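Here is what each chain is made of, one letter per residue.
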Amino acid sequence: MRATPDGLIAPVPGRSGRPTRMVDSLAEFLRRSEHLLVLTGAGISTESGIPDFRSPGGVWTRYDPRQMTFDRYVESAEVRALSWAMRREFFAAGARPNAGHLAIAAMEAAGRSVGVITQNIDGLHQEAGSRTVVEIHGTARTVTCIGRRPRWGMPDGCGFREDTTWAFARIDAGDPDPACPECGGLVKSATISFGQAMDTTSMDAAAQLMDVADAMLVVGSSLQVHPVAGMPVDAVERGLPLAIVNREPTPLDDLADVVVHGSAGEVLG
Ligand SMILES: [Zn+2]
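Conventions used here
- Residues numbered from 1 in each chain as written.
- Predicted model: local features only at pLDDT ≥ 70, side-chain atom pairs only at ≥ 80, totals over all residues.
- Heavy atoms only, no water.
- UniProt positions renumbered as here; feature names shortened; annotations may be inferred.
- Helix = DSSP H or I, 4+ residues; strand = E, 2+ residues; numbered from the N terminus.
- Buried < 20%, exposed > 50% of the residue type's maximum accessible area, 1.4 Å probe, protein only.
- Contact = heavy atoms within 4.5 Å.
- 1 Å grid on protein atoms, 1.4 Å probe; cavity = no way out; pocket = protein on both sides within 12 Å on 5 of 7 lines; lining within 4 Å.
- Points joined across faces, edges and corners; volume = space filled by probe spheres on them.
- Nonpolar A, V, L, I, M, F, W, Y, C, P; charged D, E, K, R; others polar.
- Domains from an automatic or database assignment.
- Core = buried A, V, L, I, M, F, W, Y, C linked by side-chain atoms within 4.5 Å.
- Pairing = 2+ DSSP bridges.
- Axes fitted to C-alpha atoms, helices over the stretch in contact; angles between N-to-C directions.

**Comments concerning the UniProt feature "active site" (unreviewed entry) in the chain**
Using the residue numbers shown here, the UniProt feature "active site" (unreviewed entry) corresponds to His137. Within the element layout of this structure, His137 appears in the loop between strand E5 (133-135) and strand E6 (138-147). Residue classification places His137 among the buried positions, given a relative accessible area of 17%. Apart from residues lying up to four places away in sequence, His137 is in contact with Thr118, Gln119, Ile121, Ala190, Thr191, Ile192, Met198 and Val225.

**A few points about the layout of surface pockets**
As a volume, the second largest pocket reaches approximately 480 Å³. Counting residues per element, the ones that place at least two in the lining of the second largest pocket are E5, E6, strand E8 (186-191) and helix H9 (200-212). For the lining of the second largest pocket, the leading source of residues is E6, giving five residues. Of the residues belonging to the lining of the second largest pocket, the class tally is 11 nonpolar, 12 polar and four charged. Formed jointly, the lining of the second largest pocket draws a minimum of three residues from each of two domains, domain 1 (1-50 + 96-137 + 198-269) and domain 2 (52-92 + 139-191).

**Description of the nonpolar core**
Membership of the largest hydrophobic core comes to 22 residues, with the highest contact counts inside it found for Leu26 and Leu217. If you list the elements that add at least two residues to this core, you get helix H1 (23-32), strand E3 (35-40), helix H6 (99-109), strand E4 (113-118), strand E9 (215-219), strand E10 (242-246), strand E11 (258-261) and helix H11 (264-268). With sequence-adjacent residues up to four places away left out, Leu217 is seen in contact with Leu26, Leu30, Leu36, Leu37, Val38, Leu39, Met107, Ala243, Val245 and Leu268. Residues Ile136, Leu223, Val228 and Val259 belong to the second largest nonpolar core, which totals 21 residues.

**Points about the sheet that holds E6**
Strand pairs in the sheet, formed through backbone hydrogen bonds, run parallel or antiparallel to each other. Across the sheet, three strands lie side by side as E7-E6-E8; this open sheet has antiparallel pairing. With one partner strand each, in any of the chains shown, strand E7 (161-163) and E8 form the two edges of the open sheet. Taking the axes of each pair of neighbouring strands and ignoring which way they run, one obtains an average angle of 35 degrees across the sheet. As paired strands, E6 and E8 are joined by five bridges and run antiparallel to one another. Paired with Val143 across the strands is Ser189, a residue of E8. Contacts from helix H5 (residues 77-92) reach E6 and E8 within the one sheet, and its direction differs from that of E8 by about 40 degrees.

Listed below in structure tokens is the structure:
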């Protein structure tokens, strides 16, 4: 850390050539926040063995995303079977929370108000102990009824929800395309698929967290996928200080007060 006479932390050049500041200034940033909003992306879960879907070996390099849209899921039993196989592979990896998840949960356990908005569907923040988690892309841990023939990317289910293990048990019992036991509708992972409308409840919850936050920390997001990519911009426009922890530079690094290029586990753990 190189402190300047006015107490600010001098930028040091990072590998990217952009201004990168030291972990010490991140610690100071975190100390000043009483209502911290943490925005996390795939990067925080890669250390738990969950590949980023855009990275080599990621699920979308082996499954064609054009085949996995919401509409295709509704139309095709074959796509649904592929989707369940993919989901089973996801759980077979046995991912556990890593130092990054645990560090965020520890901030909350220490008495600070910490809200988490995540792009991840793995449930690892909750498993680490975080209590206020908004999963804007849904969760892979639950399945939900989407109705018999939903249109326009809008689920139209009866409200049935179960653990994802329910679907696996049905499939193992010889039913490759388990239907809703309440209404006979299609059952789908409670994630937001390509071509599926965002869940307004989670977007409202994310907006509420933004309203009470006094600082935003972005962890492990490349900030290239909306609506998450717009949230740090919104935070800065509201006058909130912004810190970004990510392995690679993001398009919003120049907006941030503190940028640390590194893995979530190493930087926060
Ligand atoms: Zn139903």
